[in-house]
Amino acid sequence: MSNDVQMNDAGAEKRDDWVKITSSDGYSFLVKRSVAAISGTLKNMLSEDSSFREAIANTCPISERAAVVEKVCEYMSFKAYYEGPGSKEGVDVNEFTERIPPEVALELLLAADYLEGVLDSCV
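Residues numbered from 1 in each chain as written. Predicted model: local features only at pLDDT ≥ 70, side-chain atom pairs only at ≥ 80, totals over all residues. Heavy atoms only, no water.

An unreviewed UniProt entry lists the protein chain under the name Elongin-C, with Suillus plorans given as the organism. According to its UniProt record, the protein chain has this under Subcellular location (unreviewed entry): "Nucleus". As stated in UniProt under Sequence similarities (unreviewed entry), the record for the protein chain gives "Belongs to the SKP1 family." (UniProt positions renumbered as here; feature names shortened; annotations may be inferred.)

Structure representation (structure tokens):
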């Protein structure tokens, strides 16, 4: 009888689920919802209180090519990890900025502007 009902904290389950971010050239990137929520735009798209198509499908299209979307996802993960609990002293933002190819930098700034400054301090 004890296996018939399973009690879960619905909030904890939602915080740990994955969302898909798609690029304009058809590539998809899976990130945790908490990582995507670093961007104000993606957070609003995925809000459970909205009836946006993105919230229902757990998929956010970004109208940038895959190389740019990949760097956006990478930075959101970087930021989520280093802003989380625990001491992570000695981490230099240059560690991330050195991995940005010059040919992607301008597109990355435009994407960051669309995503409400998710990359505001890295470039």
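So, next bit.
## Structural notes on the packing of helix H5 (residues 66-83) against helix H7 (residues 102-114)
Geometry of a packed helix pair, given as the angle between the helix axes and the separation of the axes. Interhelical geometry of H5 versus H7 gives an angle of 65° and a closest axis separation of 9 Å. Crossing hand, H5 versus H7: right-handed. In this structure, H5 contributes Ala-67, Val-68, Lys-71 and Val-72 to the contact, and H7 contributes Val-104, Glu-107, Leu-108 and Ala-111. Class assignment for the residues of the contact of H5 with H7 results in six nonpolar, no polar and two charged. (Axes fitted to C-alpha atoms, helices over the stretch in contact; angles between N-to-C directions. Helix = DSSP H or I, 4+ residues; strand = E, 2+ residues; numbered from the N terminus. Left-handed = near helix turned anticlockwise from the far one by under 90°. Contact = heavy atoms within 4.5 Å. Nonpolar A, V, L, I, M, F, W, Y, C, P; charged D, E, K, R; others polar.)

## Examining the environment of Arg-65
Note on placement: Arg-65 falls in the loop between strand E3 (59-61) and H5. The exposure class assigned to Arg-65 is partly exposed, which follows from its relative accessible area of 33%. Sequence separation between Arg-65 and Ser-24 is 41 residues, and the spatial gap between their C-alpha atoms is 5.4 Å. Every residue in contact with Arg-65, bar those within four places of it in the chain, is listed here: Ser-23, Ser-24, Asp-25, Glu-103, Val-104 and Glu-107. (Buried < 20%, exposed > 50% of the residue type's maximum accessible area, 1.4 Å probe, protein only.)

## Observations regarding the sheet that holds strand E2 (residues 28-32)
If you walk across this open sheet you meet the three strands as E2-E1-E3, and the pairing is mixed. With one partner strand each, in any of the chains shown, E2 and E3 form the two edges of the open sheet. With direction set aside, neighbouring strand axes in the sheet form an average angle of 25°. Strands in contact with H5 are strand E1 (18-22) and E2; relative to E2, the strand with the most contacts, it is inclined by about 10°. (Pairing = 2+ DSSP bridges.)

## What about H5?
Taking 1.5 Å of rise per residue, the 18 residues of H5 would be expected to cover 26 Å, and the 25 Å separating its terminal C-alpha atoms lies within 8% of that figure. Taken residue by residue, H5 has Ala-66, Val-68, Val-69, Lys-71, Val-72, Cys-73, Tyr-75, Met-76, Phe-78 and Lys-79 as its buried positions. Where the residues of H5 are buried, they touch E1, E2, helix H2 (33-36), helix H3 (40-45), helix H6 (94-97) and H7. (Expected span 1.5 Å × (residues − 1).)

## Some remarks on the side chain of Glu-64
Along the polypeptide, Glu-64 turns up in the loop between E3 and H5. The charged side chain of Glu-64 is buried without a salt bridge, its nearest counter-charge being Arg-65 at 6.5 Å. Leave out the neighbours within four places in its chain, and Glu-64 touches Ser-23, Ser-24, Asp-25, Val-69, Glu-107 and Ala-111. (Lys, Arg positive; Asp, Glu negative; His and termini not counted. Salt bridge = Lys/Arg side-chain N within 4 Å of Asp/Glu carboxyl O.)

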